[in-house]
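Examination of the molecular architecture
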Amino acid sequence: MMLREFRGDLHVHTCLSPCGSNEMLPTAIVKEAKKRNLDLIGICDHNSVENVEAVKKAGEKEAMAVIGGVEISSQEEVHILGLFDNAKALQGIKCLIDQNLRGKNDEKAFGEQLIVDETDRITGSNTRLLIGATKLSVEEIVDAIHDLEGLAIASHIDRESFGILGQLGLIPSGLRLDGLELSAPAVVARERFYREYDLPFVTSSDAHYLNDIGRSCTSFFMKKVSIEEIRKALQGKDGRRAMIE
Ligand SMILES: [Zn+2]
Ligand SMILES: [Zn+2]
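Here is a short report on the structure shown in this document. Because the structure is a prediction, the values reported are computed rather than measured.

For the zinc ion (ligand 2), the full set of protein donor atoms is H11 (NE2), H13 (NE2), E71 (OE) and D206 (OD), at a range of 2.0 to 2.1 Å. Geometry at the zinc ion (ligand 2) is irregular, judged from its four donor atoms and the angles of 81 to 174° they form at the metal. The sequence pattern describing where the donors of the zinc ion (ligand 2) fall on their chain is H-x1-H-x57-E-x134-D. In this model, the zinc ion (ligand 2) sits 3.5 Å from the zinc ion (ligand 1), the two metals being bridged by E71.

In structure tokens, the structure reads:
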């Protein structure tokens, strides 16, 4: 079986995230990803999924694979990435988040939350307090992601704020994470994480601006882009592998 390399940046925000730049529009994101020689991007906005379809469609026109996801804030203010194969699973996680997220956004304080189509046209906005924390615990989030057959990756564990280590001080034993994400390109500092945690690692950009896309990425050696293939690559199964940069 032929495996090929997919250079992936699995953690990219859009203009839907209050802290995401309004330049993070579907065609602009895809264009920038191509420029950075990426083959695969994951769209993970804070507590919302409404721009995934638009980026997927923009990606199809340019042969850029797009995985739909979301970056969920737990009640402990830990960020967890959920990545999914299909629209049904994304709707499932959206429902759960909506039931567990209180408050309205204040655009002046936190930024706009724009919903767009694949041609970058603004079609609406999300009025919820997407910057807020849900009432869901880290365990509940990881379980919900797995119930929907998604991948659960702890975001930017190398950062103090909103990373699982910064917020909890440890990775709870029994938490069934599929991977840990490192964000900073500081190679030396990464070594201690590899020694300490026996879980697959990915590196991604957590891009909020076009310039950040692909700043950190992971090469996935697999047959095609799917959650199952990425899972195998993370676990080193059937010859697949993931190589962080
Ligand atoms: Zn985050
Ligand atoms: Zn993020």
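So that's the structure; there's more coming.
Before going further, it helps to spend a moment on the nonpolar core. Nonpolar side chains in soluble globular proteins generally cluster together in the buried interior. Counting residues in hydrophobic clusters, the biggest one holds 50 residues, and the most contacted among them are I41, I80, I93, I157, I164, L177 and I213. Among the elements that take part in this core, helix α5 (residues 138-147) stands out by supplying five residues, more than any other. Each residue touching I213, except ones within four places of it in the same chain, is listed here: D9, V12, M24, I29, E32, A33, R36, L38, S205 and A207. Listed in part, the 16 residues of the second largest apolar core include C44, L151, M222 and I227.

So, about helix α3 (residues 87-99). With 13 residues, α3 should cover 18 Å at 1.5 Å per step; its first-to-last C-alpha distance of 18 Å lies within 8% of that length. Buried residues along α3 sit in contact with α2 (52-61), β3 (65-73), β4 (79-84) and α5. For α3, the side-chain oxygen to backbone nitrogen distance between the N-cap and K88 is 3.1 Å, and the N-cap itself is N86.

Along the polypeptide, N100 turns up in the loop between α3 and α4 (107-110). Only 2.7 Å separates the side chain of N100 from the backbone oxygen of L96, close enough to count as a polar contact. If near-sequence neighbours (up to four positions away) are discounted, N100 is found in contact with A133, T134, K135 and L136.

Right, let's get into the packing of aromatic side chains. Enumeration over the complete set of coordinates arrives at one aromatic pair. For the ring pair Y194 and F201, a centre distance of 5.0 Å and an interplane angle of 80° mean the geometry is edge-to-face. Against the face of F6 rests R4, its NZ or CZ located 4.0 Å from the ring centre. It is R192 that lies over the ring of F193; its NZ or CZ is 4.3 Å from the centre.

Take the packing of helix α1 (residues 26-35) against α2 next. Remark: α1 packs on α2, axes separated minimally by 8 Å, with the N-to-C direction vectors making an angle of 50°. With respect to each other, α1 and α2 are oriented oblique. Handedness of the α1/α2 crossing: right-handed. Counted together, P26, T27 and V30 of α1 and A54, V55, A58 and G59 of α2 form the full contact between these two elements.

Attention shifts here to unusual backbone geometry. In terms of backbone geometry, most residues other than glycine have negative phi values and most peptide bonds are trans. The backbone phi angle of N47 is positive, close to 50°, even though this residue is not glycine. Mapped onto the secondary structure, N47 falls in the loop between β2 (40-46) and α2. The residue A63 is not glycine, and still its phi comes out positive at about 55°. Along the chain, A63 turns up in the loop between α2 and β3.

The rules behind each value
- Residues numbered from 1 in each chain as written.
- Chains lettered and ligands numbered in written order.
- Predicted model: local features only at pLDDT ≥ 70, side-chain atom pairs only at ≥ 80, totals over all residues.
- Heavy atoms only, no water.
- Donors = N, O, S within 2.8 Å, 3.2 Å for Na, K, Ca; no water.
- Tetrahedral: all angles 85-135°; square planar, octahedral: opposite > 155°, others 65-115°.
- Core = buried A, V, L, I, M, F, W, Y, C linked by side-chain atoms within 4.5 Å.
- Buried < 20%, exposed > 50% of the residue type's maximum accessible area, 1.4 Å probe, protein only.
- Helix = DSSP H or I, 4+ residues; strand = E, 2+ residues; numbered from the N terminus.
- Contact = heavy atoms within 4.5 Å.
- Expected span 1.5 Å × (residues − 1).
- Polar contact = N/O pair within 3.5 Å; in protein donor to acceptor, adjacent residues only side chain to side chain.
- Phe/Tyr/Trp six-rings, centres within 6.5 Å; stacked < 30°, edge-to-face > 60°.
- Lys NZ or Arg CZ within 6 Å of the ring centre and 35° of its normal.
- Axes fitted to C-alpha atoms, helices over the stretch in contact; angles between N-to-C directions.
- Parallel < 35°, antiparallel > 145°, perpendicular 65-115°, else oblique.
- Left-handed = near helix turned anticlockwise from the far one by under 90°.

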